[in-house]
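In case you want the letters, here they are:
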Amino acid sequence: MNHDPISDASGLYSTALAPPPADAFRRGRWLALLAASLGWMFDGFEMGLHPLVAYPALRELLGPGVAATLGPGADPAATATALATAVGQWNAILNALFLFGAATGGFFFGWLGDRIGRTRALTLTILTYTLLTGLGGFSTSVWHLAASRFLAAVGMGGEWSLGVALVMEIWPASARPLLAGVIGAMGNLGYLLIALTSLGVNVLSGQATTSWRPLMFIGVVPAFLVFMIRLWVPESARWEAAVADAEPVKPWEPLGSATRWRCVIATLLTGVALLGTWGAVQWIPLWAVSLAGPEYAGAKEYSQIAAAVGACIGTLAAALFSGRYGRRPTYFLLCLLSLAATGWLFRTPQTFGPGFLAGVFAVGLTTAAFYGWAPLYLPELFPTRIRATAQGIAYNFGRIFAGIGTLALTGAMLDRFRSDLPASLAVTSLIYVVGLVLIWFAPETKGRPLPD
């Protein structure tokens, strides 16, 4: 049954209430979009922190231990090599911990959103990831940083599925492709903002490298968004209607026979995109530092800016293209373009400069475009009553695959190529070949309303 039980076009108000003035429900859905968009932007802000702080933070936290292991008479070159190896290994571990934490949060908070409502659960996710990111600024060991990374990711993983469910349920179907593009673009705008913030912090502090602790403390700022959500953002009446006379959602319910295959295929499709991002693209700022050398300050920030600008364009374009030409052809095309862009960047000799940044822009444009496609496609696969839970499973358990791949595949490739980072990233990016095949096992949902 696919009709909309809500009396007004926005889906904000139930049929049990007198129809509100037109400006009231328009204002409500715009407030919901604003709150969710800011949430996605700060998601990107928080996620973009790690590529910028990882190198200086890990060098500071690991340096004394590496020096103690090698002894006071160790050759400086051997010490530098050992420290670089330790930083690379721990960067992979922290990326994997983020993905595992996001998967945990996506499942838990998605289920909570189906139980207590989108806006209530959304406030809890934002408080979780902001406060715990700020706590990471007090780290005195790499284990403190790892714990902060995992726990903050629990909140970030929940925010995505809840915000997507809320916005897609209260806006008209005709707006969904554009809204999906906005979702993806706002997340990448956060990446851009944190890179610019990092450059500003460096200028103010007079340092050539990132002052990583102040950046983590700045991560607390999104907590103020919670007050806006609690005071002004309406709940989804589509969700209220769906749960009014229904049994409470069980955490495993989306894996029942009716939606099991859709959960599986959605998990695999998002897993391809996420492994490409976290197993390859997220390493680019660290690679940029090694290419530029210590004499070029801001290399990682400039590379992240280039990727984020490309990503903002790519997510909007992918969502609009998908709305016009279909979900399956779009995903297939994105895999082809991502293979081409990453193949060129990782498989050709590079020096830090305009050509390198142009390649990073192209990689951001193509590989991040999946995050404009996913918020359009995933809500169309599942009924309202279990939508947030199912999206939490599909999108965030894709992160588990990506986390395992980041540890197993990227780590193994680094060993295989003797810490030749671009060679290992080139192999990891071949995951997009899997996506070229998988997408044809997924249903096409173009032109169909959200399932009730």
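Since we're looking at a predicted model, the values are computed, not measured.

Along the backbone of the protein there are 17 helices and 0 strands. Counting every position in the protein, which comprises 452 residues, the buried fraction comes to 59%. If you take every contact in the protein between residues at least 6 apart in sequence, the share linking residues at least 24 apart comes to 85%. For the protein, the computed accessible surface area is about 17400 Å², with 70% contributed by carbon and sulfur atoms.

The next subject is the nonpolar core. With 108 residues, the main nonpolar core has Leu58 and Leu269 as its most contacted residues. When residues of this core are assigned to their parent elements, the largest contribution, 18 residues, is made by helix α1 (residues 22-70). Excluding anything up to four places from it in sequence, leucine 269 contacts Tyr331, Trp373, Tyr377, Leu438, Ile439 and Ala442. Grouped together as the second largest cluster of nonpolar side chains are 22 residues, Val281, Phe352, Leu421 and Leu425 included.

Tallied over the entire structure, the rule returns 7 salt bridges. The salt bridge involving glutamate 60 is made with arginine 213; its shortest N-O contact spans 2.9 Å. A residue pair is termed long-range when its members are at least 10 positions apart, and glutamate 60 in helix α1 and arginine 213 in helix α6 (residues 212-218) qualify at 153 residues. A relative accessible area of 41% places glutamate 60 in the partly exposed class. A relative accessible area of 22% places arginine 213 in the partly exposed class. The residue glutamate 380 makes a salt bridge to arginine 176 at a minimum N-O spacing of 3.2 Å.

With that settled, the discussion passes to helix α4 (residues 142-170). Look at α4: 43 Å from first C-alpha to last across 29 residues, which is about the 42 Å you get at 1.5 Å a residue. Burial of α4 is extensive: 24 of the 29 residues sit out of reach of the surface.

Quick look at the packing of helix α2 (residues 76-116) against helix α3 (residues 118-135) now. With their axes 7 Å apart at the nearest point, α2 and α3 run at an angle of 145° to one another. Residue-level inspection shows Phe109, Leu112, Gly113, Asp114 and Ile116 of α2 in contact with α3, the latter providing Arg118, Arg120, Ala121, Leu124, Thr125 and Thr128. Class assignment of the residues belonging to the contact of α2 with α3 gives a composition of 5 nonpolar, 3 polar and 3 charged.

Per-residue pLDDT for the protein has a mean of 81; in total, 88% of the residues score no lower than 70. Contacts from residues 1-20, a stretch scored under 50 in pLDDT, to residues over four places away or in other chains number 50 contacts.

All right, on to the environment of arginine 29 then. Of note, arginine 29 is situated in helix α1. Under the relative-accessibility criterion, arginine 29 is labelled buried at 12%.

Glancing now at helix α9 (residues 260-279). Here α9 contains 20 residues, and its C-alpha end-to-end distance of 27 Å stays within 8% of the 28 Å for a straight helix at 1.5 Å per residue. Within α9, 15 of the 20 residues are buried, which leaves the element mostly enclosed by the surrounding structure.

Turning next to a nonpolar patch on the surface. A cluster of nonpolar side chains, namely Phe321, Tyr325, Leu333, Leu336 and Leu337, defines an oily patch on the protein surface of about 430 Å² accessible area. When contributions to the nonpolar patch are tallied by element, the ones reaching two or more residues are α11 (299-325) and α12 (327-347). Ranked by the residues each element gives to the nonpolar patch, the list is headed by α12, at 3 residues. Within the secondary structure, leucine 337 is located in helix α12. Note on leucine 337: relative accessible area 39%, which makes it partly exposed.

This brings us to the side chain of arginine 118. Mapped onto the secondary structure, arginine 118 falls in helix α3. At 2.5 Å, the side chain of arginine 118 forms a polar contact with the side chain of aspartate 114. At 3.2 Å, the side chain of arginine 118 and the backbone oxygen of threonine 384 are in polar contact.

In contact at an axis separation of 12 Å, helix α10 (residues 284-292) and helix α13 (residues 354-367) are set at 175° when each is read in the N-to-C sense. Relative to α13, the element α10 is oriented roughly antiparallel. The residues of α13 that touch α10, namely those facing Ile284, Trp287, Ala288 and Leu291, are Phe356, Val360 and Val363. A class-by-class count of the residues in the contact of α10 with α13 yields 7 nonpolar, no polar and no charged.

What follows is about the packing of aromatic side chains. Applying the stated criterion to the full structure yields 15 aromatic pairs. Measuring from centroid to centroid gives 4.9 Å for phenylalanine 138 and phenylalanine 217, while their planes differ by 50°, and the two rings are tilted. Here the residue phenylalanine 138 occupies a position in the loop between α3 and α4, and phenylalanine 217 occupies one in helix α6, the gap between them amounting to 79 residues. Accessibility expressed as a relative area gives 35% for phenylalanine 217, which makes it partly exposed. What links up through ring pairs into an aromatic cluster is the set Tyr331, Phe370, Trp373, Tyr377 and Tyr432.

Criteria and thresholds
- Residues numbered from 1 in each chain as written.
- Predicted model: local features only at pLDDT ≥ 70, side-chain atom pairs only at ≥ 80, totals over all residues.
- Heavy atoms only, no water.
- Helix = DSSP H or I, 4+ residues; strand = E, 2+ residues; numbered from the N terminus.
- Buried < 20%, exposed > 50% of the residue type's maximum accessible area, 1.4 Å probe, protein only.
- Contact = heavy atoms within 4.5 Å.
- Areas by Shrake-Rupley, 256 points an atom, 1.4 Å probe, with all protein chains shown as cover.
- Core = buried A, V, L, I, M, F, W, Y, C linked by side-chain atoms within 4.5 Å.
- Salt bridge = Lys/Arg side-chain N within 4 Å of Asp/Glu carboxyl O.
- Expected span 1.5 Å × (residues − 1).
- Axes fitted to C-alpha atoms, helices over the stretch in contact; angles between N-to-C directions.
- Nonpolar A, V, L, I, M, F, W, Y, C, P; charged D, E, K, R; others polar.
- pLDDT = per-residue confidence, 0-100.
- Patch = residues over 30% accessible without salt bridge, like charges linked within 9 Å, V, L, I, M, F, W, Y side chains within 5 Å.
- Polar contact = N/O pair within 3.5 Å; in protein donor to acceptor, adjacent residues only side chain to side chain.
- Parallel < 35°, antiparallel > 145°, perpendicular 65-115°, else oblique.
- Phe/Tyr/Trp six-rings, centres within 6.5 Å; stacked < 30°, edge-to-face > 60°.

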